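# Chains, contacts and geometry: an overview
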Amino acid sequence: MSKSISIVYKNIYVYRLIMNILYGMKYKKRFDNIINLIESTEQDIIELCFGDIYIAKYAKENNKNWIGYDINQSFIDYANSCGYNAINKNI
């Protein structure tokens with residue numbers, strides 16, 4: 001049985017646009033709040049259902065190890081093509 005995937009999840013740019021609309025243009029603020037919580041820690045970052053690679057970008061810029069798990073192969077492919085360690089896993 002093949003699974004169909006919504007257009008929102010097929011393209012990272014469409015996903016970002018829709019998330020910005022849903023969050024009232026405060027989508028990045030949501031991630032900034034998370035980053036503020038992890039900023040002072042020396043621990044590695046494991047992100048489940050990462051969708052966007054906003055936190056991964058922060059980790060790379062700040063020499064923190066990041067690994068992301070998501071079920072969406074489009075997001076996995078995008079993250080890996082950008083040099084991030086993303087794994088397709090149904091968690």
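Now for a quick tour of the structure. (Residues numbered from 1 in each chain as written. Predicted model: local features only at pLDDT ≥ 70, side-chain atom pairs only at ≥ 80, totals over all residues. Heavy atoms only, no water.)

Formed by 22 residues in total, the largest nonpolar core has its most connected members in Tyr15, Ile45, Phe50, Ile53, Ile55 and Trp66. Ignoring any residue separated from it by four or fewer positions in sequence, one finds Ile53 in contact with Arg16, Tyr78, Ala79, Cys82 and Tyr84. (Core = buried A, V, L, I, M, F, W, Y, C linked by side-chain atoms within 4.5 Å. Buried < 20%, exposed > 50% of the residue type's maximum accessible area, 1.4 Å probe, protein only. Contact = heavy atoms within 4.5 Å.)

Under the counting rule described, the total for this entry stands at 10 aromatic pairs. Relative to Tyr15, the ring of Tyr9 has its centre 5.9 Å away and its plane inclined at 45°; by these criteria the two rings are tilted. Taken together, a centroid distance of 6.1 Å and an interplanar angle of 80° make the contact between Tyr13 and Tyr78 edge-to-face. Here the residue Tyr13 occupies a position in helix 2 (residues 12–22), and Tyr78 occupies one in helix 5 (residues 73–81), the gap between them amounting to 65 residues. Taken together, Tyr9, Tyr15, Tyr23, Tyr27, Phe31, Tyr54 and Phe75 form an aromatic cluster joined through their ring pairs. Over the face of the ring belonging to Phe31 we find Arg30, whose NZ or CZ atom lies 5.0 Å from the ring centre. A cation sits over an aromatic face here: Lys60 above Tyr84, 4.7 Å from the ring centre. (Phe/Tyr/Trp six-rings, centres within 6.5 Å; stacked < 30°, edge-to-face > 60°. Helix = DSSP H or I, 4+ residues; strand = E, 2+ residues; numbered from the N terminus. Lys NZ or Arg CZ within 6 Å of the ring centre and 35° of its normal.)

In this section: the packing of helix 3 (residues 27–38) against helix 4 (residues 54–61). At their nearest, the axes of helix 3 and helix 4 sit 10 Å apart, and the two run at 40° to each other. On the basis of their axis angle, the class for helix 3 and helix 4 is oblique. Considering only the axes of helix 3 and helix 4, their crossing is right-handed. When helix 3 is examined against helix 4, the residues Lys28, Phe31, Asp32, Ile34, Ile35 and Ile38 are found in contact with a partner set consisting of Tyr54, Ile55 and Tyr58. (Axes fitted to C-alpha atoms, helices over the stretch in contact; angles between N-to-C directions. Parallel < 35°, antiparallel > 145°, perpendicular 65-115°, else oblique. Left-handed = near helix turned anticlockwise from the far one by under 90°.)

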